Number of protein chains: 2
Amino acid sequence: MSTIKDVASIAGVSIATVSRVVNNGPKVGNKTRDKVLKVMAEIGYTPNANARALVKKKNTTLGVVIPALNDPFFASLANGVERIARDKKQHMLLSTGGFSCESELNAINLLIEQRCESMVVHSKKLADETLIELSKKVPGIIFIDRIIPGIEERCIWLENMEGGKIAARHLLALGHANFALLNSNFDIEDPNLRRKGFVETIENANSVQAIIQEINHEPTLKGGEMAAQQLLSLNKPFSAVFAYNDAMAIGAISVLEDNGIRIPEDVSVIGFDDVLLSQYSRPKLTTMHYPIENMAENAAKLAIEFGNNSASKNDFKHRYIPSLVKRESTSSCLD
Amino acid sequence: MSTIKDVASIAGVSIATVSRVVNNGPKVGNKTRDKVLKVMAEIGYTPNANARALVKKKNTTLGVVIPALNDPFFASLANGVERIARDKKQHMLLSTGGFSCESELNAINLLIEQRCESMVVHSKKLADETLIELSKKVPGIIFIDRIIPGIEERCIWLENMEGGKIAARHLLALGHANFALLNSNFDIEDPNLRRKGFVETIENANSVQAIIQEINHEPTLKGGEMAAQQLLSLNKPFSAVFAYNDAMAIGAISVLEDNGIRIPEDVSVIGFDDVLLSQYSRPKLTTMHYPIENMAENAAKLAIEFGNNSASKNDFKHRYIPSLVKRESTSSCLD
DNA sequence: TTGAAAGCGCTACCAC
DNA sequence: GTGGTAGCGCTTTCAA
């Protein structure tokens, strides 16, 4: 691949001049500029971003860490970040962190090696202290979907407990009293918070004798199916299901329907996340809207500002509340 | 951020020695190694990948270009590439190419600037000649989901026409004679090829008087809804629908059902791609399986081999044929 | 086993 | 307007 030297020598100018025209620098004669441009086109010169980053001590690369790509929730996250990257003429380096401590740390280190000045990181496994350490080392790092005491200004998060409460209130208002909670078995905070909000709200309600059966599984379509199967085998009555996410909800619905249970006539189901899929499932899924794409956009903007040391502190929203999207999978309890 | 010099001076050794321990180089005394390691940990040293890439004239970065992230089909593609990247200890740089010539070229150039030695590119808009030019400049570039005459060894593609044929044969075998083709209105080759295979097969069949109505829309859920709406308003009989992709198929099903048409009792619907969603739609979608993740993995391996000049030509599969996945959305024509 | 030094491709500063 | 050149952080000879 050709270098700036090649261009310079063919065009008969110095590399300084070539650099100026490449960077649209000022003070370049028109004929010189044209000549250089012509040579660049002829030999197909493309500047080396590594060399540039090295001398400028700065990248045009925005890093993202998500657990995996093939999950619509994380795809939306990445998509939000990507949009901002494009807006700000940055590139996006994506690194998947999987679901373990080590791989999350690896993914982040990779971005640091590339000297991404800004990064949006979705980490659930790493300890608070590790992340705080990291936040000191990398000024432009922002943690999404997590709240870390002490560095809240570097975090963007959703109030999971609120989500549980809102879902419970909705189901309670519909007259349900026998609940099933199909929760994630991942060892992270979110399922606990959602459960807490859900359970507390129900227990504080005056409905006599509300019961809640909880079953934990992988937060996937498959996991939802298995959880529903298990729920059915328990053989206890329930008229409302709160699933950890839309995937579980839809998996559960499919098993429930296969067993002759009508949604929402016999059982109401509510999901979480509001991924695209939930609008197209049958029945359309009632769910808690998680504004992840919007959050990701803000995280990316914040990361870039922090990376530039230009964070304007005040005008950023860090805390988001999910909202109920009422569709077709929930209805009044007919018992 | 600290550099190799910092480590060297604190540890009281030369930068050459530090470099050796960082790279697990040979011939480093044990105490020296330990001392250096200790300093690195203390000051939180992370090697600068840009500097490294500059001198080695080589990256550990595998580039990918896809149109967008928030489409499950492309997410699968990226996921396949990512898996191989991880296997081969490479990083993945993702660049979105959108749906225009300029943005596709931008996306590719970005990867070239970063000097990715290997890249998997999904380009539908750029001309063959441009891509051939590119393939000369970048030895490790592989084009996925496209076949470019002259550089077939650098391409991995699916036989779209075959897909259309197989879908048609399936529907014909079920006794259908009145067809609707809900095709993509994108100006690329795929919809044309799928149509060609579909239409030819039907016309060559001996069924008297087969009719095919074609409607074009965006290849999305929304587009499928609109296409179905339009189809209904045509007021002509049809008992089988071949959609450009699963999203359109599912969008169409939702409109059809809203209009009291039962799937598959009244109308059979077949999709294309076999994205995860199609397993969980109701009814479960009959579709053409597009082994995109597998293709992407192979593309990534190929890209890495070509990037290393070590392409072992013969043992790579370049041409893929879609296969029918029979689920619940198609059945015999009862008319 | 270790160090000195050249040089990767580029930007930015200083001369002219 | 243009050229010369130091130096970004690192790897890799070559010597010692």
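Basis of the calculations
- Residues numbered from 1 in each chain as written.
- Chains lettered and ligands numbered in written order.
- Predicted model: local features only at pLDDT ≥ 70, side-chain atom pairs only at ≥ 80, totals over all residues.
- Heavy atoms only, no water.
- Helix = DSSP H or I, 4+ residues; strand = E, 2+ residues; numbered from the N terminus.
- Rg over C-alpha atoms; globule rule 2.2 N^0.38 Å.
- Buried < 20%, exposed > 50% of the residue type's maximum accessible area, 1.4 Å probe, protein only.
- Contact = heavy atoms within 4.5 Å.
- Pairing = 2+ DSSP bridges.
- Right-handed = clockwise from strand over helix to strand, strands pointing away.
- Salt bridge = Lys/Arg side-chain N within 4 Å of Asp/Glu carboxyl O.
- Core = buried A, V, L, I, M, F, W, Y, C linked by side-chain atoms within 4.5 Å.
- Domains from an automatic or database assignment.
- Axes fitted to C-alpha atoms, helices over the stretch in contact; angles between N-to-C directions.
- Polar contact = N/O pair within 3.5 Å; in protein donor to acceptor, adjacent residues only side chain to side chain.
- Parallel < 35°, antiparallel > 145°, perpendicular 65-115°, else oblique.
- Left-handed = near helix turned anticlockwise from the far one by under 90°.
- Nonpolar A, V, L, I, M, F, W, Y, C, P; charged D, E, K, R; others polar.
- UniProt positions renumbered as here; feature names shortened; annotations may be inferred.
- Near = heavy atom within 4 Å.

1. A short note on the overall build of chain A
Helix and strand counts for chain A come out as 13 helices and twelve strands. A compact globule built from 335 residues should have a C-alpha radius of gyration of about 20 Å, whereas chain A, at 26 Å, is more than 25% larger. Across its three principal directions, the C-alpha atoms of chain A cover 90 × 40 × 35 Å. Of all 335 residues assigned to chain A, the portion counted as buried reaches 55%. Considering only contacts in chain A between residues 6 or more positions apart, those separated by 24 or more positions represent 68%.

2. What about the pairing of strand β4 (residues 141-144) of chain B?
Residue and element names in this part refer to chain B. Of the two faces of β4, both are covered, the one formed by Ile 141 and Phe 143 as well as the one formed by Ile 142 and Ile 144. Relative to β4, strand β3 (residues 118-121) runs parallel, the two sharing three bridges. Residue pairing across strands places Val 121 opposite Phe 143, the latter belonging to β4. At this point the chain moves from β3, through helix α7 (residues 128-137), to the parallel β4, and the crossover so formed is right-handed. Across two bridges, the pairing between β4 and strand β5 (residues 155-158) is parallel. Bridge pairing in β5 places Phe 143 opposite Cys 155.

3. Brief notes about the pattern of salt bridges
Once the charged atoms of two side chains with opposite charge are near each other, the side chains can pair. Residue and element names in this part refer to chain B. Per the stated rule, a full pass over the model turns up 34 salt bridges over all chains. A salt bridge links Glu 297 to Arg 83; the shortest N-O distance between them is 2.2 Å. With Glu 297 in helix α13 (residues 292-307) and Arg 83 in helix α5 (residues 72-87), the pair connects residues that are 214 residues apart, well separated along the chain. By relative accessible area, which is 17% here, Glu 297 ends up buried. With a closest N to O distance of 3.2 Å, Lys 222 and Glu 225 form a salt bridge. On the criterion of helical spacing, the pair formed by Lys 222 and Glu 225 is a turn pair, its members being three residues apart in helix α10 (residues 221-234). Judged by relative accessible area, which is 47%, Lys 222 ranks as partly exposed.

4. What to know about the nonpolar core
Counting residues in hydrophobic clusters, the biggest one holds 142 residues, and the most contacted among them are A:Leu77, A:Leu182, B:Leu77 and B:Leu182. Non-local contacts of B:Leu77, meaning those with residues more than four positions away in its chain, are made with B:Val64, B:Ile66, B:Val120, B:His122, B:Ile144, B:Ile292 and B:Ala296. The next biggest cluster of nonpolar side chains, apart from the first, holds 40 residues, and it includes B:Met119, B:Val121, B:Ile141 and B:Phe143.

5. Notes on the domain arrangement of chain A
Often, the extent of an interface is quoted as the loss of accessible area on bringing the components together. As assigned here, chain A comprises domain 1 (4-47), domain 2 (61-158 + 292-320) and domain 3 (160-290). Each of domain 1 of chain A and domain 3 of chain A was reduced to a C-alpha centroid, and the two centroids are 63 Å apart.

6. Structural notes on the sheet that holds strand β8 (residues 240-243) of chain B
Think of a sheet as strands paired side by side through backbone hydrogen bonds, with each pair either parallel or antiparallel. All names here are of chain B. If you walk across this open sheet you meet the six strands as β7-β6-β8-β9-β10-β12, and the pairing is mixed. Edge positions in the open sheet fall to β7 (211-217) and β12 (323-325), since each of these has one partner strand only. Direction aside, neighbouring strands of the sheet carry axes that sit 20° apart on average. One ladder, built from four bridges, connects strand β6 (residues 178-184) with β8; its direction is parallel.

7. Structural notes on the side chain of B:Ser135
All names here are of chain B. Mapping Ser 135 onto the fold places it in helix α7. Reaching out from Ser 135, the side chain makes a polar contact with the backbone oxygen of Ile 132 at a distance of 2.6 Å. Excluding anything up to four places from it in sequence, Ser 135 contacts Ile 141, Phe 143, Ile 151 and Arg 154.

8. What to know about the packing of α5(B) against α13(B)
Residues and elements named next belong to chain B. At a minimum axis distance of 7 Å, the contact between α5 and α13 shows a crossing angle of 40°. Regarding the angle of α5 to α13, the classification is oblique. Of the two elements, α5 crosses α13, and the hand of that crossing is right-handed. On α13, the residues touching Phe 73, Ser 76, Leu 77, Asn 79, Gly 80, Val 81, Arg 83 and Ile 84 of α5 are Ile 292, Glu 293, Ala 296, Glu 297, Ala 300, Lys 301 and Ile 304. Grouping the amino acids of the contact of α5 with α13 by side-chain chemistry returns eight nonpolar, three polar and four charged.

9. Focus on the UniProt feature "domain: HTH lacI-type" (unreviewed entry) in chain A
According to UniProt, the feature "domain: HTH lacI-type" (unreviewed entry) maps to residues 2-56 of chain A in the numbering used here. Taken as a whole, residues 2-56 of chain A contains 69% helix and 0% strand, while its terminal C-alpha atoms sit 21 Å from one another.

10. A closer look at the interface of chain B and chain A
In this assembly, 45 residues from chain B lie in contact with 45 residues from chain A. For A:Glu257, the salt bridge goes to B:Arg282, with nearest N and O atoms at 3.1 Å. The tally of links between chain B and chain A comes to 20 residue pairs in polar contact (both at pLDDT 80 or more). Of the residues that constitute the side of chain B that touches chain A, the class distribution is 20 nonpolar, 15 polar and ten charged. In the sheet, strand β2 (residues 91-96) of chain A pairs with strand β2 (residues 91-96) of chain B via three bridges, with the strands oriented antiparallel. Bridge pairing in β2(B) links A:Leu93 to B:Leu93.

11. Some details on the protein's contact with DNA strand D
Taken together, 27 residues lie around DNA strand D, and A:Arg20, A:Gly29, A:Thr32, B:Ile4 and B:Tyr45 are the ones closest in. In the model, a phosphate oxygen of DNA strand D is placed 2.6 Å from a nitrogen or oxygen of the A:Thr17 side chain. Elements that contribute at least two residues to the surface near DNA strand D include exactly α2 (15-22) and α4 (49-56) of chain A together with α1 (4-11), α2 (15-22) and α4 (49-56) of chain B. Split into classes, the residues belonging to the surface near DNA strand D amount to twelve nonpolar, eight polar and seven charged.

12. Overview of the protein's contact with DNA strand C
Surrounding DNA strand C, one finds 27 residues, the nearest of these being A:Ile4, A:Tyr45, B:Arg20, B:Thr32 and B:Lys57. Close to the protein, within 4 Å, the atoms of DNA strand C are drawn from sugar and phosphate at a rate of 66%. At 2.3 Å from a phosphate oxygen of DNA strand C is found a main-chain nitrogen or oxygen belonging to A:Ile4. When contributions to the surface near DNA strand C are tallied by element, the ones reaching two or more residues are α1 (4-11), α2 and α4 of chain A together with α2 and α4 of chain B. Per-class residue counts for the surface near DNA strand C are twelve nonpolar, eight polar and seven charged.

13. A look at the side chain of B:Asn50
Examined against the element boundaries, B:Asn50 turns out to sit in helix α4. Take B:Asn50: its relative accessible area is 3%, and that puts it in the buried class. Setting aside anything within four residues of it in sequence, one finds B:Asn50 in contact with A:Asn50, A:Ala53, A:Asn59, A:Glu113, A:Gln114 and A:Arg115.

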